[in-house]
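Residue-level structure breakdown
Residues per chain are reported as follows:
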Amino acid sequence: MMKWERLNDNGFTVANKIVNMKISEQFPDNKWEIACDNGATEPEKPTPKYNEELDNCCAELLETLKHMTKIQLKMEKLTLTTKAICDLETFHHGAGSCTAPFFHTWPTPYFYEVSLKLSEMYKKELQLKQTIVQEIAHSADQDLMMVYLSSWLYQPYIENSSKLLLEAMLLETGHRQC
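Residues numbered from 1 in each chain as written. Predicted model: local features only at pLDDT ≥ 70, side-chain atom pairs only at ≥ 80, totals over all residues. Heavy atoms only, no water.

**Points about the overall build of the chain**
Stated precisely, the cut-off is as follows: Only DSSP runs of H or I reaching four residues or more are called helices, and only runs of E reaching two or more are called strands; each is numbered from the N terminus. We call a residue buried when its accessible area falls under 20% of the maximum for its residue type, exposed when it is over 50%, and partly exposed in between, using a 1.4 Å probe and counting protein chains only. Residues count as neighbours in contact if any of their non-hydrogen atoms are within 4.5 Å of one another. Method for areas: the Shrake-Rupley scheme with a 1.4 Å probe, in which residue coverage is limited to the protein chains shown.
Looking only at helices and strands, one finds 5 helices and 0 strands in the chain. Taking all 178 residues of the chain together, 31% fall into the buried category. In the chain, 84% of the contacts between residues at least 6 apart in sequence involve partners at least 24 apart. Only carbon and sulfur atoms are counted for the fraction: they give 57% of the accessible area of the chain, which is about 12600 Å².

Quick look at the structure:
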C-alpha cells in the first residue's frame, strides 16, 4: 500500500501539471476575458498547437496508472488465493473449524472477506483513475479539471478503514509485530 500511496502522490503531481498547462492555455495572460456581443464577427480562434510537455505528462500519468493497475491485480490474485485456501479448508475439514489456523486469531473466511473488501475498494478507485487519465487532458472545463484533481488526491472509493484493515491483516499474518 505504500507503493500505491507513493504512486498516488506522483500521479497527483503530474495531473496537477496537466491541469495547470490546460488552464494556462485557456488563459494565457492569466486574465479572464469577457466576451461582448457588439455585432462584429468573431475573430478566428487559433488552432490548438501540439504541446510536447503536455503529451509527456500524459504519458507519465498513464505509466503511473499502469503501475497502480499492477498493484491492484496483485491484490486480486492474493484475494483469489485466500478464497482457494478457504475452499480447501472447507473441503478438508468440512463445516468444522481447522485444527491448525493460518492466522493468529482470524478464521480464514474472515481474512478472505477483508481481503475482498480491500481489493474491491482499490478496484473501484483504479476505475476512477482510469477515467481521470482518459479525460483530464481533454477537458476544457476548469471546474471539472479541479474535480478530477481532488478525486485523484482524496481517493473517494478507498474507505478510511482500509489502513486499519491492512494493519490488522499484517498483524494476523505475523508480518507486523505488536
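**Quick word on the nonpolar core**
Just so we agree on the cut-off: We define a nonpolar core as any set of buried Ala, Val, Leu, Ile, Met, Phe, Trp, Tyr and Cys residues linked to one another through side-chain atoms lying within 4.5 Å.
Ranked by internal contacts, the top residues of the largest apolar core, which has 36 residues, are Trp 4, Ile 18, Leu 61, Leu 118 and Ile 136. Every element with two or more residues in this core is listed here: α1 (2-26), α2 (52-93), α3 (108-135), α4 (142-154) and α5 (161-173).

**Here's the deal with the packing of α2 against α3**
The following threshold applies: Between the N-to-C directions of two axes lies an angle of 0 to 180 degrees, each axis being a line fitted to C-alpha atoms and, for a helix, fitted only over the stretch in contact. Angles below 35 degrees are treated as roughly parallel, those above 145 as roughly antiparallel, those between 65 and 115 as roughly perpendicular, and all remaining angles as oblique. Each crossing is labelled by how the near helix is turned from the far one, with a counterclockwise turn of less than a right angle marking it left-handed and a clockwise turn marking it right-handed. Just so you know the grouping, Ala, Val, Leu, Ile, Met, Phe, Trp, Tyr, Cys and Pro go in nonpolar, Asp, Glu, Lys and Arg go in charged, and all remaining residues, Gly too, go in polar.
In contact at an axis separation of 9 Å, α2 and α3 are set at 160° when each is read in the N-to-C sense. Taken as axis vectors, α2 and α3 run roughly antiparallel relative to one another. Like other packed secondary-structure pairs, α2 and α3 cross with a definite hand, here left-handed. A class-by-class count of the residues in the contact of α2 with α3 yields 16 nonpolar, 8 polar and 5 charged.

**Quick look at the layout of surface pockets**
Our working rule: Cavities and pockets are found on a 1 Å grid laid over the protein atoms alone: a cavity is a set of points where a 1.4 Å probe fits but cannot escape, a pocket is an open set with protein on both sides within 12 Å along at least five of seven lines, and a lining residue has an atom within 4 Å of such a point. Grid points are joined across faces, edges and corners, and a volume is the space filled by probe spheres set on the points.
Of the voids in this model, the second largest pocket is the one considered here, and its volume is about 670 Å³. Taken together, 23 residues form the lining of the second largest pocket, with Met 1, Lys 74, Met 75, Leu 78 and Leu 166 sitting closest to its centre. Sorting the residues of the lining of the second largest pocket by element identifies α1, α2, α3 and α5 as the ones contributing at least two each. A class-by-class count of the residues in the lining of the second largest pocket yields 12 nonpolar, 7 polar and 4 charged.

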